[in-house]
Amino acid sequence: MRFLSTVLIDALLFMAISVFFPSSLYVSSVEIAVIAALVLGVLNWLVKPIIIILSLPINFLTLGLFGIVINGLMLELTSRIVGAGFQFSSFWTAMLIAILMSVVSVIIASYFDKS
């Protein structure tokens, strides 16, 4: 159930961010947003732990801030897998959107954990 709620929240965030920042993120349809959220969820489940383990030294040196770069990489990889219907304007934009999505996801999760 947690995976599905995360996918739903990510799909809604992709749609909202593409509306508020159309020059930064292009999402062609709701279906593409759901597909991108599913791909991101699978990548976060399979690939991200391996990348985190491989990048432990640099993550330790940067006091965990390299995690933002890893999140940006996951979004960029999602964009490459999904295709032309889901595009970021640049890698830096993907990193900023990763930060924004993390903050909003924490706020939403804390809201639902209280009720």
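In case you missed it, the structure is sitting above this.
Residues numbered from 1 in each chain as written. Predicted model: local features only at pLDDT ≥ 70, side-chain atom pairs only at ≥ 80, totals over all residues. Heavy atoms only, no water.

Draft legend 1. Examining the overall build of the protein chain more closely. For the protein chain, the count of helices and strands is six helices and two strands. Element order for the protein chain, N to C, with α for helix and β for strand: α-β-α-α-α-α-β-α. Over its C-alpha trace the protein chain gives a radius of gyration of 14 Å, about what one expects of a compact globule, namely 13 Å for 115 residues. When the 115 residues of the protein chain are sorted by exposure, 33% land in the buried category. Within the protein chain, contacts between residues separated by at least 24 positions form 60% of all contacts whose residues are at least 6 apart in sequence. As displayed, the protein chain has an accessible area near 7300 Å², and 77% of this comes from carbon and sulfur atoms. Each charge sign in the protein chain was given a centre, from 4 positive and 4 negative side chains, and these centres are 8 Å apart. (Helix = DSSP H or I, 4+ residues; strand = E, 2+ residues; numbered from the N terminus. Rg over C-alpha atoms; globule rule 2.2 N^0.38 Å. Buried < 20%, exposed > 50% of the residue type's maximum accessible area, 1.4 Å probe, protein only. Contact = heavy atoms within 4.5 Å. Areas by Shrake-Rupley, 256 points an atom, 1.4 Å probe, with all protein chains shown as cover. Lys, Arg positive; Asp, Glu negative; His and termini not counted. Charge placed at Lys NZ, Arg CZ, Asp CG, Glu CD.)

Draft legend 2. Quick look at a nonpolar patch on the surface. Together, Phe3, Leu4, Val30, Val34, Leu38, Val42, Trp45 and Leu46 make up a nonpolar patch on the protein surface, roughly 780 Å² of accessible area in all. Of all the secondary-structure elements, those providing two or more residues to the nonpolar patch are α1 (2-20) and α2 (30-46). Among the elements that take part in the nonpolar patch, α2 stands out by supplying six residues, more than any other. Following the sequence through the fold, Leu46 ends up in helix α2. (Patch = residues over 30% accessible without salt bridge, like charges linked within 9 Å, V, L, I, M, F, W, Y side chains within 5 Å. Salt bridge = Lys/Arg side-chain N within 4 Å of Asp/Glu carboxyl O.)

Draft legend 3. Region of interest: the packing of aromatic side chains. This model, assessed by the stated rule, comprises three aromatic pairs. Consider the rings of Phe14 and Phe86, whose centres lie 4.8 Å apart with planes at 70 degrees: the pair is edge-to-face. A residue pair is termed long-range when its members are at least 10 positions apart, and Phe14 in helix α1 and Phe86 in strand β2 (residues 86-88) qualify at 72 residues. The exposure class assigned to Phe14 is buried, which follows from its relative accessible area of 0%. Residue Phe86 is classed as buried on the basis of its relative accessible area, which comes to 0%. Here the aromatic residues Phe14, Phe86 and Phe88 are joined through ring pairs into a cluster of three or more. (Phe/Tyr/Trp six-rings, centres within 6.5 Å; stacked < 30°, edge-to-face > 60°.)

Draft legend 4. Spatial organisation of the layout of surface pockets. Taken as a whole, the largest pocket spans an internal volume of roughly 600 Å³. Taken together, 21 residues form the lining of the largest pocket, with Arg2, Thr6, Asp10, Met101 and Ser105 sitting closest to its centre. Elements represented by at least two residues in the lining of the largest pocket include exactly α1, α2, α5 (66-82) and α6 (91-114). For the lining of the largest pocket, the element with the highest residue contribution is α6, accounting for eight residues. Looking at the lining of the largest pocket, its residues break down into 10 nonpolar, seven polar and four charged. (1 Å grid on protein atoms, 1.4 Å probe; cavity = no way out; pocket = protein on both sides within 12 Å on 5 of 7 lines; lining within 4 Å. Points joined across faces, edges and corners; volume = space filled by probe spheres on them. Nonpolar A, V, L, I, M, F, W, Y, C, P; charged D, E, K, R; others polar.)

Draft legend 5. Spotlight on unusual backbone geometry. The residue Leu63 is not glycine, and still its phi comes out positive at about 60 degrees. Considering the arrangement of structural elements, one finds Leu63 in the loop between α4 (56-61) and α5.

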